[in-house]
Amino acid sequence: AQSVAQPEDQVNVAEGNPLTVKCTYSVSGNPYLFWYVQYPNRGLQFLLKYITGDNLVKGSYGFEAEFNKSQTSFHLKKPSALVSDSALYFCAVRDGDNFNKFYFGSGTKLNVKP
Amino acid sequence: DTAVSQTPKYLVTQMGNDKSIKCEQNLGHDTMYWYKQDSKKFLKIMFSYNNKELIINETVPNRFSPKSPDKAHLNLHINSLELGDSAVYFCASSLRQGGETQYFGPGTRLLVL
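Attention in this report is confined to the structure presented alongside it.

Here is what the cut-offs are and how they apply
Residues numbered from 1 in each chain as written. Chains lettered and ligands numbered in written order. Predicted model: local features only at pLDDT ≥ 70, side-chain atom pairs only at ≥ 80, totals over all residues. Heavy atoms only, no water. Contact = heavy atoms within 4.5 Å. Buried area = accessible area lost by both parts, 1.4 Å probe. Salt bridge = Lys/Arg side-chain N within 4 Å of Asp/Glu carboxyl O. Polar contact = N/O pair within 3.5 Å; in protein donor to acceptor, adjacent residues only side chain to side chain. Helix = DSSP H or I, 4+ residues; strand = E, 2+ residues; numbered from the N terminus. Nonpolar A, V, L, I, M, F, W, Y, C, P; charged D, E, K, R; others polar. Disulfide = S-S within 2.5 Å. Buried < 20%, exposed > 50% of the residue type's maximum accessible area, 1.4 Å probe, protein only. Pairing = 2+ DSSP bridges.

Quick look at the interface of chain A and chain B
1) Next: In this assembly, 22 residues from chain A lie in contact with 22 residues from chain B.
2) Next: Among the residues of chain A in contact with chain B, Asn 100, Phe 102 and Phe 104 of chain A are the three that bury the most area, contributing 33% of the side total.
3) Next: The tally of links between chain A and chain B comes to one salt bridge.
4) Next: One salt bridge connects Lys 101 of chain A with Glu 58 of chain B, and the closest N-O pair in it is separated by 3.1 Å.
5) Next: Here chain A and chain B share four residue pairs in polar contact (both at pLDDT 80 or more) between them.
6) Next: If you list the elements that add at least two residues to the side of chain A that touches chain B, you get β5 (33-38), β6 (44-50), β10 (87-94) and β11 (102-104) of chain A.
7) Next: Class assignment for the residues of the side of chain A that touches chain B results in 11 nonpolar, seven polar and four charged.

Here we look at the state of the cysteines
1) Next: Counted by the stated rule, this structure contains two disulfides over all chains.
2) Next: The disulfide bridge from Cys 23 of chain A ends at Cys 91 of chain A, spanning 2.0 Å between sulfur atoms. Torsion about the S-S bond of the Cys 23 of chain A and Cys 91 of chain A cystine: about -65 degrees, corresponding to left-handed handedness. Residue Cys 23 of chain A is found in the loop between β3 (19-21) and β4 (24-26), and its partner Cys 91 of chain A is found in strand β10; the two are separated by 68 residues along the sequence.
3) Next: Using a relative accessible area of 0% as the deciding quantity, one classes Cys 23 of chain A as buried.
4) Next: The disulfide bridge from Cys 23 of chain B ends at Cys 91 of chain B, spanning 1.8 Å between sulfur atoms. Sign of the S-S torsion, about -75 degrees for the bond between Cys 23 of chain B and Cys 91 of chain B, identifies this disulfide as left-handed. A residue pair is termed long-range when its members are at least 10 positions apart, and Cys 23 of chain B in strand β3 (residues 19-25) and Cys 91 of chain B in strand β9 (residues 87-94) qualify at 68 residues.

A closer look at unusual backbone geometry
Residues and elements named next belong to chain B.
1) Next: Note that the residue after Thr 7, namely Pro 8, is joined by a cis bond; omega there is -5 degrees.
2) Next: In this structure, Asn 51 takes a positive phi of about 50 degrees despite not being glycine.
3) Next: The class of Asn 51 is partly exposed, set by a relative accessible area of 39%.
4) Next: Residues other than glycine seldom take positive phi values, yet Lys 52 does so here, at roughly 75 degrees.
5) Next: In this fold, Lys 52 is placed in the loop between β5 (43-50) and β6 (53-57).
6) Next: Lys 52 sits in the partly exposed class, given a relative accessible area of 48%.

A few points about the pattern of salt bridges
1) Next: Taken as a whole and assessed by the stated rule, the structure comprises eight salt bridges over all chains.
2) Next: Glu 66 of chain A is the salt-bridge partner of Lys 77 of chain A, the closest N and O atoms lying 3.4 Å from each other. Note that Lys 77 of chain A is positioned in strand β9 (residues 73-78) and Glu 66 of chain A in strand β8 (residues 64-68), a separation of 11 residues in sequence.
3) Next: Take Glu 66 of chain A: its relative accessible area is 38%, and that puts it in the partly exposed class.
4) Next: If you follow the salt bridges from partner to partner, you end up with Arg 63, Glu 82 and Asp 85 of chain B in one network.

Re the pairing of β9 of chain A
Residues and elements named next belong to chain A.
1) Next: Most of β9 is tucked away, with five of its six residues classed as buried.
2) Next: Bridge count between β3 and β9: three bridges; the pairing is antiparallel. Following the sheet pairing, Leu 19 is matched in β9 by Lys 78.
3) Next: Examined bridge by bridge, β8 and β9 share five bridges and lie antiparallel to one another. In the sheet register, Asn 68 faces β9, and the bridge partner there is Ser 73.
4) Next: Taking the residues that link successive antiparallel strands as the turn, the β8-β9 hairpin has four residues, and the phi of Thr 72 there is positive, at about 45 degrees.

Concerning the environment of Asp 54 of chain A
Residues and elements named next belong to chain A.
1) Next: Inspection of the secondary structure puts Asp 54 in the loop between β6 and β7 (56-58).
2) Next: A relative accessible area of 58% places Asp 54 in the exposed class.
3) Next: For the pair formed by Asp 54 and Lys 78, sequence separation is 24 residues and the distance between their alpha carbons is 17 Å.
4) Next: A distance of 3.3 Å separates a polar side-chain atom of Asp 54 from the backbone nitrogen of Leu 56.

As structure tokens, then:
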């Protein structure tokens, strides 16, 4: 079965500190992985994706994610957090059998304190 | 310029009513989706259309019926609304099917009383 797990409901970090939001996945075949961000009362916005190639993917707003095949993880990172990064972050994976389906994690609320 | 728009933004209605949510994208994308986000923010795909053809139909009650009059529009009609239908419904689109970045609308907040 295909699935995505975000083990932390909430991550708290001080502004200027590095942040990591965790994601692990289970999928058949080669994974297509995504990170999206949702601000309050808004739709999801694409941050970055991994399809193939370099394990370190760079995305919008200074975010990056590291694909680790052996650990089946795709953690989202940023070297220096901003208060404006506070939002809900979703990891998603494309179904390995049905390329039209996507599974989203349960979301991680990132709180960046000044 | 709104890429993916949904109407209405808010919908408050009584149990048993029928309601529709409309979605339009001006990105020239071939594929559109409906997702349901529950009160715990869990996001689940409901339907997907590619060039007006239904390609994903998850285990959604028959009361939910999507319609795509053209590839820029995907509407969602819900019959006999139930309390459990209360959620935020997101429309999204992607350039083509499979592995593509999705662009989400702002959501429609449905509250069934």
